[in-house]
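# Commentary on secondary and tertiary structure
What follows is the residue order along each chain.
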Amino acid sequence: MASKIGIIQFPGSNCEKETLAAIQYYGMSATLLRWTTPTTQFHDHDAYIIPGGFSFQDRVRAGAIAAKLPIMDDIVTAAQDNKPILGICNGCQILAESGLVPDTNATQHIEMALAPNQKEHHSHGFICDWVFVKPSQPQQNIFTTLFDNTDVIPIPINHGEGRFIFQSSPPSPLATFQYCTASGSIEDHYPINPNGSTHNIAGIGNQNGNVFAMMPHPERAYLCRQIPTSIAGDWPQKKHAFFSSETHAPGPWEKLFIALKEAA
Amino acid sequence: MIQLRLYIYTKNIDLHCVSAFESLKNRIPSPIHQLNRYRKCTLTIAVSNLADAKTELDPLISSSYELLNPNKENYHLSTLPQTNDASYCIEVCKQHSSDDYTRYNRLKAQYPTNSLQGIKQSIIWQFISSNPLSKREIQNLHDAAIITTSRRTGLLVNPLFETVQPYTPNHVMNDPINKPIHTR
């Protein structure tokens, strides 16, 4: 039976349809769950994704209002039940404001924040670009478990508040994605680290290994054809090769969605 | 040097306030019956008197679109309006804000001859209650509505990258000062 994924739609979410398409492409079924979904309906799913967008127009701070909604109680319960939960972009900000990542003490105290982007310590505003990330300690989280430390993966970013900062130093045993060059070198300068994130972090998991929050958009790179030919690395060549035989070939984030399917 | 303070507000409805107030109301019992939000903008202008300072300020406000959008925002100069009820204000600043420096440079590029010397921006949240808040109520407000430490506490300030302090809106205005505000 196909895994059933709940995609949570807040007022202002705008990436739920792409996320739904990615989930269905990899053989899972998905339901859009509005933020008012009753608890009984909510828990009838194997895993959850909080997609990107601008929940509540980023009022007060990105993700701050959504994090206070009653549906987040259900998300916490699902996380405690070891169900996989993925937050993408605004979903990542909501998970951070909820204290669900990195949640090193299982108390849901806020240990990290997504601050406004910076470029060389100056305000940088909204950024929309393709970047490269590589996993670190991928075995520590169910979403990253199929990746290797040597993987270098292209992915689009689209945010104004994506600079990871931590209360103390980032907890080291957690799975992360880090911004890097096309050859996999982690360099802490613009544009390799596009928003000034601490330790180039683009995504981070929780202590328990079932929740993952990432600012880049894997649902926009789930098909090979979504990769622009202008980026470095070997994915543009793969895209050309696939186009001659298969226009719907899987993209660079196949491993994340397959891992979700296996875990859910 | 003259220092001018603008308290910028939206002309119609401030959706930040609506959502913040609804969120607070739904989560905590509180004597607060209204919440207002202002962008406080402190400008340092290298002139000798207030009249000249206002002359320098005019184009920055009316046509730069850097300080405010005059189509949908307005401002109070120097002081917040008096309220019939009691109010308690906090000032929220970014810990490492570089927006002010960027905004200052853009304004100087638009108006190279303007006497503007510096900008500093912050957010003022004004809590309105029927009676003045007691120390305990203020502490409860900080714990429950202001300082965000978990999903269940706070909202208006994320202490990981913002600072907050109580703010008395009308204590200083149009100060002649010796040094410009540092914007970086």
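Conventions and cut-offs
- Residues numbered from 1 in each chain as written.
- Chains lettered and ligands numbered in written order.
- Predicted model: local features only at pLDDT ≥ 70, side-chain atom pairs only at ≥ 80, totals over all residues.
- Heavy atoms only, no water.
- Helix = DSSP H or I, 4+ residues; strand = E, 2+ residues; numbered from the N terminus.
- Rg over C-alpha atoms; globule rule 2.2 N^0.38 Å.
- Buried < 20%, exposed > 50% of the residue type's maximum accessible area, 1.4 Å probe, protein only.
- Contact = heavy atoms within 4.5 Å.
- Areas by Shrake-Rupley, 256 points an atom, 1.4 Å probe, with all protein chains shown as cover.
- Lys, Arg positive; Asp, Glu negative; His and termini not counted.
- Charge placed at Lys NZ, Arg CZ, Asp CG, Glu CD.
- Phe/Tyr/Trp six-rings, centres within 6.5 Å; stacked < 30°, edge-to-face > 60°.
- Buried area = accessible area lost by both parts, 1.4 Å probe.
- Salt bridge = Lys/Arg side-chain N within 4 Å of Asp/Glu carboxyl O.
- Polar contact = N/O pair within 3.5 Å; in protein donor to acceptor, adjacent residues only side chain to side chain.
- 1 Å grid on protein atoms, 1.4 Å probe; cavity = no way out; pocket = protein on both sides within 12 Å on 5 of 7 lines; lining within 4 Å.
- Points joined across faces, edges and corners; volume = space filled by probe spheres on them.
- Disulfide = S-S within 2.5 Å.
- pLDDT = per-residue confidence, 0-100.
- Pairing = 2+ DSSP bridges.
- Axes fitted to C-alpha atoms, helices over the stretch in contact; angles between N-to-C directions.

The next point concerns the overall build of chain A. Within chain A, the regular secondary structure consists of six helices and 13 strands. Its C-alpha radius of gyration of 17 Å places chain A within 12% of the 18 Å reference for a compact globule of 264 residues. In terms of principal-axis extent, the alpha carbons of chain A reach across some 45 × 45 × 35 Å. Looking at chain A residue by residue over its 264 residues, the buried ones come to 58%. A separation of at least 24 residues holds for 76% of the contacts in chain A among residues at least 6 apart in sequence. Element-wise, carbon and sulfur atoms account for 49% of the exposed surface of chain A, whose accessible area totals about 9900 Å². Side chains of chain A give 16 positive and 23 negative charges; the mean places of these two sets differ by 5 Å.

On to the packing of aromatic side chains. What the rule picks out here adds up to 15 aromatic pairs over all chains. The interplanar angle of 20° and the centroid separation of 6.3 Å between the aromatic rings of phenylalanine 164 of chain A and phenylalanine 166 of chain A together place this pair among those described as stacked. Take phenylalanine 164 of chain A: its relative accessible area is 0%, and that puts it in the buried class. Phenylalanine 166 of chain A gets classed as buried once you look at its relative accessible area, which sits at 13%. Aromatic side chains tyrosine 7 of chain B and tyrosine 38 of chain B sit 6.5 Å apart centroid to centroid with 85° between the ring planes, which places their arrangement in the edge-to-face category. Pair noted here: tyrosine 7 of chain B is in strand β1 (residues 2–10) and tyrosine 38 of chain B is in strand β2 (residues 32–45), with a separation of 31 residues, a long-range link. Residue class for tyrosine 38 of chain B comes out buried when judged on its relative accessible area of 7%.

This next bit is on the interface of chain B and chain A. In this assembly, 28 residues from chain B lie in contact with 30 residues from chain A. Taking both partners together, chain B and chain A bury about 2300 Å²; carbon and sulfur atoms supply 59% of that area. When residues of chain B are sorted by the area they lose upon contact with chain A, Arg151, Leu160 and Phe161 of chain B head the list and together hold 32% of the total. If you look at where chain B meets chain A, you find three salt bridges. Of the charged contacts, one joins arginine 152 of chain B and aspartate 73 of chain A as a salt bridge, the two residues approaching to 2.9 Å between their closest N and O atoms. Across the contact surface, chain B and chain A share 14 residue pairs in polar contact (both at pLDDT 80 or more). Contributing elements (two or more residues each) for the side of chain B that touches chain A: α1 (15–27) and α3 (99–110) of chain B.

What follows deals with empty space enclosed by the protein. Enumeration according to the criterion identifies one cavity of 30 Å³ or more in this entry. By volume, the largest cavity amounts to about 40 Å³. Lining the largest cavity are Arg61, Ala62, Gln93, Ala96, Glu97, Ala113, Leu114 and Glu161 of chain A together with Asn158 of chain B. Examining the composition of the lining of the largest cavity, we find that three residues originate from one element, helix α4 (residues 90–98) of chain A, more than from any other.

Let us look at the state of the cysteines. Each disulfide is one covalent bond, formed between the sulfur atoms of two cysteines. By the definition in use, this model includes zero disulfides over all chains. Between cysteine 180 of chain A, a cysteine without a disulfide, and cysteine 92 of chain A, which holds the nearest cysteine sulfur, the sulfur-to-sulfur distance is 17 Å. Among the cysteines around cysteine 17 of chain B, which has no disulfide bond, cysteine 89 of chain B carries the closest sulfur, lying 11 Å off.

Turning our attention to the confidence of the model for chain B. All names here are of chain B. Per-residue confidence for chain B averages 88 on the pLDDT scale, and 91% of its residues sit at or above 70. The low-confidence segment residues 172–184, where pLDDT is below 50, has 33 contacts with residues more than four positions distant or belonging to other chains. Under the prediction, the complex receives an ipTM of 0.88, its pTM being 0.92.

Below, the discussion takes up the pairing of strand β8 (residues 127–136) of chain A. Residues and elements named next belong to chain A. Bridge count between β8 and strand β9 (residues 153–159): seven bridges; the pairing is antiparallel. Paired with cysteine 128 across the two strands is asparagine 158, which belongs to β9. Judged from the five bridges that link them, β8 and strand β11 (residues 176–180) form a sheet pairing that is antiparallel. Bridge assignment links lysine 134 to a residue of β11, and that residue is glutamine 178.

Residues and elements named next belong to chain B. Across the sheet, which stays open at both edges, the six strands sit in the order β3-β1-β2-β5-β4-β6 with antiparallel pairing between neighbours. Only two strands of the sheet have a single partner each, and these edge strands are β3 (73–77) and β6 (162–167). Across this sheet, the average inter-strand angle for adjacent strands is 30°, counted without regard to direction. Direction of pairing for β2 relative to strand β5 (residues 116–129): antiparallel, over a ladder of 13 bridges. When the sheet's bridge partners are listed, isoleucine 45 is paired in β5 with leucine 116. Together, β1, β2, β3 and β5 form the strand contacts of helix α2 (residues 50–62), whose direction differs from that of β1 by roughly 40°. Relative to the sheet, helix α4 (residues 135–146) contacts β2, β4 (86–94), β5 and β6, its axis offset from that of β4 by approximately 45°.

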